[in-house]
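Each chain, written out:
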Amino acid sequence: MSTTTIENPKIVSRDEWLAARKKLLAKERQLTRERDAIAAERRQLPWVKVEKNYVFDSPGGKKALADLFDGRGQLIIYHFMFGPDWEEGCPSCSFNMDHTDSALVHLAQRDVSFTAVSRAPLSKIEAFKKRMGWRFNWVSSHGSDFNYDYHASFTPEEVGKGKVEYNFDVVQFPSAEAPGISVFYKDKSGNIFHTYSAYARGTESVVNTYNYLDLVPKGRDEDTLPFTMAWVRHHDRYADGYLADANKPYWPANAVATR
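These remarks concern the structure in this document. All of these numbers come straight from a predicted model, not from anything done at the bench.

1. Here we look at helix 4 (residues 122–132)
At step 1: For helix 4, every residue scored as buried is listed here: Leu122, Ile125, Phe128, Lys129 and Met132. Taken down its axis, helix 4 places every buried residue within 130° of arc, on the same side. Facing away from the buried surface of helix 4 by more than 90 degrees, the exposed residues are Ser123 and Lys130.
At step 2: On its buried face, helix 4 sits against strand 2 (55–58), helix 2 (91–97), strand 5 (112–118) and strand 6 (137–140).
At step 3: Just downstream of helix 4 lies Gly133, where phi reads positive at about 75°.

Written out as structure tokens, the structure is:
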């Protein structure tokens, strides 16, 4: 994913570099066309009507799923890993959300609202959101089936079995909470439909830091880490590496911190 040649680069003339760059450009253009085709196919997926009445805790009181659309027809929900007993949100989900606020005004112009959802109680969410300086809408599904139904949280019984239903498969997962993105549409009659969900690396397309890192010679530089995102910290903790949850419930149990 991030193999590097920086220790033994091939040094060539400008003309040789240009020939190699154009060869790669042809592949990049093909990838762009394939990405466009996949996006079009994604939009043609069938929909599932949402029948359950989900209710969330928000700073303005109880809100139904329909309220999260905020007058728009499309809703993106980010399943943010923040368990009820955790002291702070997952560093990797926080890394993802650091890229979100600046997109909100632009999404609104295309009939899209955004909300993060976590099972942590609202008081913890609000305190952590203030610490991080974020503005996006973030609600609590504490006491709701929402995150369970969309396979971004797992019951103790599911975790106890050793494998859970995640990313459209039955797999081992290191936490009772998982990252994901779910998309919903509301029609003029008020009916709500689930149109799409993505999990695991399916969420990283919105992480622009990774897009930038993929441009540089060292790439993501994660090959020697105990797991790919072991380097990530909350943006206010890179100096000391501190994590408030000593048991690191968002990391693999055998993971070793990079600092």
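That was the structure; now back to the text.
2. Concerning a nonpolar patch on the surface
At step 1: A contiguous nonpolar patch, built from Val12, Trp17 and Leu18 and spanning about 240 Å² of accessible area, is present on the exposed surface.
At step 2: Tracing the backbone shows Leu18 in helix 1 (residues 14–43).
At step 3: Accessibility expressed as a relative area gives 34% for Leu18, which makes it partly exposed.

Parameters at a glance
- Within each chain, residues carry numbers counting from 1 in the order of the written sequence.
- Local features in a predicted model are, by the rule used here, given only for residues with pLDDT of at least 70; side-chain atom pairs are given and counted only at 80 or more, and totals for whole chains, interfaces and linings are based on all residues.
- Derived side-chain values reflect all non-hydrogen atoms in the structure, with water molecules and hydrogen atoms excluded from consideration.
- Summary of the burial criterion: residues with accessible area below 20% of their type's maximum are buried, those above 50% are exposed, and those between are partly exposed, where the area comes from a 1.4 Å probe applied to protein chains only.
- The numbering of helices and of strands both runs from the N terminus, where a helix is a DSSP run of H or I of at least 4 residues and a strand a run of E of at least 2.
- This arc is taken over the directions from the axis of the helix to the C-beta atoms.
- Here a residue-residue contact requires only that any non-hydrogen atoms of the pair lie within 4.5 Å.
- Like-charged residues are merged into a patch within 9 Å and nonpolar side chains (Val, Leu, Ile, Met, Phe, Trp, Tyr) within 5 Å, provided each residue has over 30% relative accessible area and no salt bridge.
- Values of accessible area rely on a 1.4 Å probe in the Shrake-Rupley scheme; residue burial ignores everything except the protein chains shown.
- The salt bridge criterion pairs a side-chain nitrogen of Lys or Arg with a carboxyl oxygen of Asp or Glu, the two atoms within 4 Å.

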